[in-house]
Amino acid sequence: MDLSYSPEEEEFRARLREWLAKALPALPAKPPPDDWPARRAYDLGWQRTLYDAGYADVHWDASPTLRLIFLEETEKAGAPYVGANFVGLLHAGPTIAAEGSPAQRARWLPPILRGDEVWCQGFSEPDAGSDLASLRTRARRDGDAYVVSGSKIWTSHAEVADWCELLVRTDPAAPRHRGITWLALPMDAEGVTVRPLRTLAGSAEFAEVFLDEVRVPVANRVGEENDGWRVTLVTLSFERGTAFVGEVVACRRVLGLLAGTARENGRWDDPALRRRLGRLDAEFRALWRLTQWNVSEAEAGGGVPGAGGSVFKLRYSHARQELYDAAAEVLGPDGLDLGRPWVLDRLSSLSYTIAAGTSQIQRSIVAERILGLPRGR
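Criteria and cut-off values
- Residues numbered from 1 in each chain as written.
- Predicted model: local features only at pLDDT ≥ 70, side-chain atom pairs only at ≥ 80, totals over all residues.
- Heavy atoms only, no water.
- Pairing = 2+ DSSP bridges.
- Helix = DSSP H or I, 4+ residues; strand = E, 2+ residues; numbered from the N terminus.
- 1 Å grid on protein atoms, 1.4 Å probe; cavity = no way out; pocket = protein on both sides within 12 Å on 5 of 7 lines; lining within 4 Å.
- Points joined across faces, edges and corners; volume = space filled by probe spheres on them.
- Nonpolar A, V, L, I, M, F, W, Y, C, P; charged D, E, K, R; others polar.
- Phe/Tyr/Trp six-rings, centres within 6.5 Å; stacked < 30°, edge-to-face > 60°.
- Lys NZ or Arg CZ within 6 Å of the ring centre and 35° of its normal.
- Core = buried A, V, L, I, M, F, W, Y, C linked by side-chain atoms within 4.5 Å.
- Buried < 20%, exposed > 50% of the residue type's maximum accessible area, 1.4 Å probe, protein only.
- Contact = heavy atoms within 4.5 Å.

Caption draft 1: Up close: the pairing of strand β7 (residues 206-217). Relative to β7, strand β3 (residues 145-152) is paired through seven bridges, and the arrangement is antiparallel. Of the residues in β7, the one forming a bridge with Ala-145 is Pro-217. Note: strand β6 (residues 192-197) against β7, six bridges, orientation antiparallel. The partner of Pro-196 across the bridge, within β7, is Ala-207.

Below, the structure written as structure tokens:
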């Protein structure tokens, strides 16, 4: 498979680099990390800047390869992360672009691209995390609306979101994968309660969401009733296939900085540490090539990432944890200082083998969908 870039793609890269060099110095200062209303405004402002420059639709209307180049170059340049736009740009938006009706695409995609609206993800529940298909939030049909009751947890950016990509059970009698529906929930609807959750790292980008007889228009259903699991697999393929691309670039940059710090503080003299950093360098180089391969596969398959995204997610989650464990070794006693670089990153890295599908779930997907092994009982 050809993993090289065409002249047109390299031209896009050069044009993007030139624009970033001009745009980034004009940005305002970043708000405090846990001031989510301010961060929402900052993130939406950056998205509007991308929109005005013609780069906002790269996640949907551009080819997977151009999307990869965009994520690589913006991370290398130190551009703002998608932040509060994460779910809209990388999960809900691509899903609606792939599965939504023309009216739904016209309603929801332009506000995401312009930086007008924020989405959150309402998938996991207190008793349905790794086993997502066991979700129990109910939705019964009442005329032209669904009436939804239940709760969600680990709902990303719920406290500042306008919309939620919501999974509900519409047929309790059906086999559990066949009775699920994908809805777009307006977060200002009557009966929606949001309670932020504070993480180990001290941030509160997640929340519990409680739904008490919330009416959601049938027109907000993406896909057919009870076909939500298939639509969800599209969402998850984007979440695991391309959503972490920029983070691979960031990890490679951190690895270089770690090596520099080790040389400065004398820890570079430890041959075991040098071997560890060298192995991580090879690991992230391989992950980048795997990313390119997955993007090439998506390009050939109509733009939706395949099961190969689970291979990437599985290995990347562990590699990221190993990277920040190495950072703690380089920092020594300073690795306990929350004000030092990489310490909070180490805490947040602990979630990566759980978020976006646990490593156990990814192994099952690889075993069944790639290796063709029989399903476990």
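Right, picking up where we left off after that structure.
Caption draft 2: Layout of empty space enclosed by the protein. Under the criterion given, the structure shown has three cavities of 30 Å³ or more. Each pocket or cavity is described by its volume, and for the largest cavity that value is around 240 Å³. In this structure, the largest cavity is lined by 19 residues; those nearest its centre are Leu-71, Thr-74, Pro-80, Tyr-81 and Val-82. Classifying every residue of the lining of the largest cavity by side-chain character gives eleven nonpolar, five polar and three charged.

Caption draft 3: Quick peek at the packing of aromatic side chains. The tally for this structure, following the rule as stated, stands at nine aromatic pairs. Among the aromatic residues, those joined into a ring-pair cluster are Phe-12, Trp-19, Trp-46, Tyr-55 and Phe-70. Note that Arg-13 overlies the ring of Tyr-5, its terminal NZ or CZ placed 4.8 Å from the centroid. A cation over a ring is seen here: Arg-39 above Trp-36, with NZ or CZ 4.0 Å from the ring centre.

Caption draft 4: Seen up close, the nonpolar core. Among the nonpolar cores identified, the biggest contains 43 residues, and Phe-12, Trp-19, Phe-70, Phe-284 and Leu-323 are the most heavily contacted of them. Put simply, the parts of the chain that give this core at least two residues each are α1 (7-23), α2 (36-53), α3 (64-76), α7 (245-265), α8 (271-300) and α9 (308-331). Among all residues touching Phe-70, those that are not within four sequence positions of it are Phe-12, Leu-16, Leu-50, Tyr-55, Val-58 and His-59. Ala-56, Val-87, Trp-108 and Trp-182 belong to the second-largest nonpolar core, a separate cluster that totals 27 residues.

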